[in-house]
Amino acid sequence: MAVASMEKDAINTEDDLHLNNSFGDAGLISPDKEDISRILTVPFSGRIRGGMRPGKKIIIMGIIDPEPDSFDISLNCGHSEEKDDEELTDVALKLSARFTERQFLRNARVSGKWSEEEAPISYFPFIPDQPFRIEIHCEHQRFRIFVDGHQLFDFYHKVKSLLAINMIRIVGSLQITKLG
């Protein structure tokens, strides 16, 4: 099955990809330019070097699929190759775009329990077959989420140790063009 092989490739690339942890430059560090298209394959999994901290931001740029269903972006604590252990991993922030309902949901999982999903936003920012830019700014008390330069919402930290947030996972109806 193609999806299983893509997932395996994404897992294998984790050690090759690190998000820069400097305040100013949130660039992609990669072995070579030819490798970037392989590294940014969805489903994607990569490490956030040094974990999160106030002042750090993650930028995800891409293109929504022509007939999208949904996509998820998760900032996780730790990682395990074991599927069973993955169910127990803390998720500091999970962003879920649902195209049928035109909702951009967010929640977190701490100690195996999901928080209540937060839903209401003023507008749905994603358009099929169009580019997008998501910025996740980490602050002392919260994540601040921007899409295409517009602040959409804040998500207050449920995971207390920001440095433990060291993985990003991206799955669903999108292509990633840049990650930093």
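Scroll up to find the structure.
As a convention, each chain's residues are numbered from 1 in the sequence order in which they are written. Local features in a predicted model are, by the rule used here, given only for residues with pLDDT of at least 70; side-chain atom pairs are given and counted only at 80 or more, and totals for whole chains, interfaces and linings are based on all residues. Hydrogens and waters are ignored; side-chain quantities use all the structure's heavy atoms.

Asker: Please explain the sheet that holds strand β13 (residues 174–179) as it appears in this structure.
Answerer: Sheets are built from strands that pair by backbone hydrogen bonding, the pairs being arranged parallel or antiparallel. Here a strand pair is declared whenever DSSP counts at least two bridges between the two strands. Under the DSSP-based scheme used, a helix requires at least four consecutive residues in state H or I and a strand at least two consecutive residues in state E, with every element numbered from the N terminus. With respect to topology, five strands assemble into an open sheet ordered β11-β10-β9-β4-β13, the strand pairing being antiparallel. Sheet topology places β11 (150–156) and β13 at the edges, where each strand pairs with a single neighbour. The average undirected angle you get between the axes of adjacent strands in this sheet is 25°. As paired elements, strand β9 (residues 131–138) and strand β10 (residues 142–147) share five bridges and run antiparallel to each other. In the sheet register, histidine 137 faces β10, and the bridge partner there is arginine 144. Every axis in this analysis is a line fitted to C-alpha atoms, fitted for helices over the stretch in contact. Angles between the N-to-C directions lie between 0 and 180 degrees.

Asker: How should the environment of methionine 52 be read in this particular structure?
Answerer: Note on placement: methionine 52 falls in the loop between β3 (44–48) and β4 (57–64). Sequence spacing of methionine 52 and cysteine 138 is 86 residues, and the spatial spacing of their C-alpha atoms is 7.0 Å. The contact criterion used throughout is that any non-hydrogen atoms of two residues lie within 4.5 Å. The contact partners of methionine 52, leaving out residues within four places of it in the chain, are Ile58, Cys138, Phe143, Leu162, Leu163 and Ile165.

Asker: Even after reading the chapter, I still don't get the nonpolar core, so can you show me in this structure?
Answerer: The tendency in soluble globular proteins is for nonpolar side chains to be buried as a group. Residues Ile60, Phe104, Phe126, Ile134, Ile136, Phe143 and Ile168 are the most contacted members of the largest nonpolar core, which totals 40 residues. If we ignore the near neighbours within four places in the chain, the residues touching phenylalanine 126 are Ile64, Phe71, Ala97, Phe99, Phe104, Phe132, Ile134 and Val147. Among buried residues, the Ala, Val, Leu, Ile, Met, Phe, Trp, Tyr and Cys ones that are joined through side-chain atoms within 4.5 Å form a nonpolar core. Only protein chains enter the accessibility calculation, which uses a 1.4 Å probe; a residue whose area is less than 20% of its type maximum is buried, one above 50% is exposed, and one in between is partly exposed.

Asker: Would you mind going over the pairing of β3 with me for this structure?
Answerer: Strand residues, when the strand is regular, have side chains that alternate between the two faces of the sheet. Judged by how many residues are buried, β3 sits mostly within the fold: four of five residues are covered. As paired strands, β3 and strand β12 (residues 165–172) are joined by four bridges and run antiparallel to one another. Considered in β12, the bridge of arginine 47 is made with methionine 167.

Asker: Can you walk me through the pairing of strand β6 (residues 91–98) in this structure?
Answerer: In terms of residue burial, β6 counts as a mostly covered element, since six of its eight residues are buried. With seven bridges connecting them, strand β5 (residues 70–77) and β6 associate as antiparallel partners. From the neighbouring strand, aspartate 72 faces β6, where its bridge partner is serine 96. Relative to strand β7 (residues 103–110), β6 runs antiparallel, the two sharing six bridges. Bridge pairing links leucine 95 to arginine 106 in β7. Counted between consecutive antiparallel strands, the loop separating β6 from β7 contains four residues, among which arginine 102 sits at a positive phi close to 55°.

Asker: Sorry if this is basic, but what is going on with the pattern of salt bridges here?
Answerer: Between side chains of opposite charge, a pair can form as their charged atoms come close. By salt bridge we mean one thing: a side-chain nitrogen of Lys or Arg within 4 Å of a carboxyl oxygen of Asp or Glu. On inspection of all chains with the given rule, the structure shows ten salt bridges. The partner of glutamate 135 in a salt bridge is lysine 57, and the shortest N-O contact between them spans 4.0 Å. With glutamate 135 in strand β9 and lysine 57 in strand β4, this pair connects stretches of sequence that are 78 residues apart. We note a salt bridge from lysine 94 to aspartate 72, for which the minimum N-O separation is 3.8 Å.

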